[in-house]
Amino acid sequence: MNRTNAGTAARIAAGSIYGLVLAFAAVSSLMRAIAVFGPAAWRGLFMLTCIVMAILPWVLLDREGRRRIGMQWPRRPLWLAAGLAVGVLAASACYWLGATLYGASADNWFVSVARNYQLQPTAGWSLLQLHLVFTTVACLFSPIGEEIFFRGLLHGVLEERHGAVRATLYEAGLFALVHLCHHGIVLTAAGFALLPVSGALWVAQMFLLSLAFAWLRRRAESITPAILAHAAFNAAMNGWIFARLWHGKLS
């Protein structure tokens, strides 16, 4: 198949799975919320969702389709280092802003993440065990699954319909909104509550972070730097949480 026919086939394939991919985006968002707000035994739903996200391109796309959404190594290894740097710097900026505005109060987004960790059945674990386990999980499942889905598959089908700029904005917007269940929407004894100001700031940060991941994917012509940036963000976030916001420091 020549390049023109391959491009046409990829466009047809993307168009045929448009509704399916959007439906999965909605279902996966619901599963994330259930995993976060439901019983501790349901936390694994989020990891399952990330696994499905990573598998979908292998089910829905052929080799050319996967290449078009960035499932290949970058041509320049320097982009891998750039991804790591972007992730660490972004997480540090998020920590600094949250600590400056809110200290260790409930309005600090990293405090919300820490409290979610503390809800897990980890009684008797040492601080080092907690740090290693939560960081390992955070660096594997969401970076691989979410980047392959949001910056890869979802962006690809959106781009065929709406163009590259709108596709980037749409997938970044969805990525930001689904993170409201990690901070912004909270479950209390009285029911669900909204943290309007800090929640909006958190969503704005996730939107900008998503744009940074999309920029890495576009410039490197590979999704790998975005995956590394996402993993580096989560690793640095946990570093700040366990160094500054853990035992006896959450208000």
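Residues numbered from 1 in each chain as written. Predicted model: local features only at pLDDT ≥ 70, side-chain atom pairs only at ≥ 80, totals over all residues. Heavy atoms only, no water.

(A) Region of the structure containing the pairing of strand β2 (residues 191–194). The pairing of strand β1 (residues 185–188) with β2 spans 4 bridges and is classified as antiparallel. In the sheet register, I185 faces β2, and the bridge partner there is L194. Hairpin connection from β1 to β2: 2 residues lie between these consecutive antiparallel strands. (Pairing = 2+ DSSP bridges. Helix = DSSP H or I, 4+ residues; strand = E, 2+ residues; numbered from the N terminus.)

(B) Up close: the environment of F110. Tracing the backbone shows F110 in helix α6 (residues 109–118). Judged by relative accessible area, F110 falls into the buried class, the value being 0%. When the C-alpha positions of F110 and Y95 are compared, they lie 7.0 Å apart, and in sequence the two are 15 residues distant. Discounting residues that sit within four places of it in the chain, F110 has contacts with A91, C94, Y95, W202, F233, M237, I241 and L245. (Buried < 20%, exposed > 50% of the residue type's maximum accessible area, 1.4 Å probe, protein only. Contact = heavy atoms within 4.5 Å.)

(C) How the structure looks around the confidence of the model for the chain. Residues of the chain with pLDDT of at least 70 account for 92%, and the chain-wide mean is 91. Put simply, helix α1 (residues 3–16) is where the chain has its lowest mean pLDDT, 49, and helix α9 (residues 196–220) is where it has its highest, 98. Across residues 1–12, confidence stays below pLDDT 50; counting only partners more than four residues off in sequence or on other chains, it has 7 contacts. (pLDDT = per-residue confidence, 0-100.)

(D) Highlighting the nonpolar core. Counting residues in each nonpolar core, the largest one holds 52 residues, and the members touching the most others are F110, Y117, F149, L153, F233 and I241. Going through the elements one at a time, α2 (18–37), α3 (44–60), α5 (78–102), α6, α7 (127–162), α8 (164–178), α9 and α10 (224–244) are the ones with two or more residues in this core. Ranked by the residues each element gives to this core, the list is headed by α7, at 9 residues. Residues in contact with F149, not counting those within four places in the same chain, are V21, F24, A25, M53, L56, L154 and H155. (Core = buried A, V, L, I, M, F, W, Y, C linked by side-chain atoms within 4.5 Å.)

(E) Structural context of a nonpolar patch on the surface. A grouping of M47, W125, V133 and V137 is seen on the molecular surface, where their side chains present a nonpolar patch of about 290 Å² in accessible area. Note on placement: M47 falls in helix α3. Of the residues examined, M47 reaches a relative accessible area of 30% and is grouped as partly exposed. (Patch = residues over 30% accessible without salt bridge, like charges linked within 9 Å, V, L, I, M, F, W, Y side chains within 5 Å. Areas by Shrake-Rupley, 256 points an atom, 1.4 Å probe, with all protein chains shown as cover. Salt bridge = Lys/Arg side-chain N within 4 Å of Asp/Glu carboxyl O.)

(F) Highlighting empty space enclosed by the protein. Throughout the structure, instances matching the rule amount to 1 cavity of 30 Å³ or more. Its boundaries defined by the atoms lining it, the largest cavity holds a volume of some 40 Å³. Every residue lining the largest cavity is listed: S28, S29, R32, F46, T49, M53, F150 and V178. Looking at the lining of the largest cavity, the elements with two or more residues in it are α2 and α3. For the lining of the largest cavity, the class distribution of residues is 4 nonpolar, 3 polar and 1 charged. (1 Å grid on protein atoms, 1.4 Å probe; cavity = no way out; pocket = protein on both sides within 12 Å on 5 of 7 lines; lining within 4 Å. Points joined across faces, edges and corners; volume = space filled by probe spheres on them. Nonpolar A, V, L, I, M, F, W, Y, C, P; charged D, E, K, R; others polar.)

(G) Molecular detail of the packing of α2 against α7. Direction vectors running N to C along α2 and α7 enclose 145°, while the axes themselves pass 10 Å from each other. At the point where α2 passes α7, the crossing takes the left-handed sense. Of the residues in α7, those touching α2 at Y18, V21, L22, F24, A25 and R32 are E146, F149, L153, L154, V157, L158, R161 and H162. Looking at the contact of α2 with α7, its residues break down into 10 nonpolar, 1 polar and 3 charged. (Axes fitted to C-alpha atoms, helices over the stretch in contact; angles between N-to-C directions. Left-handed = near helix turned anticlockwise from the far one by under 90°.)

(H) Region of the structure containing the pattern of salt bridges. One pass over the structure, following the stated rule, counts 6 salt bridges. Put simply, E64 and R67 hold a salt bridge, and the shortest N to O gap is 2.7 Å. Within this pair, E64 and its partner R67 are both found in helix α4 (residues 63–68), separated by 3 residues, close to a single helical turn. Owing to a relative accessible area of 25%, E64 belongs among the partly exposed residues under this scheme. Given a relative accessible area of 35%, R67 falls into the partly exposed group.

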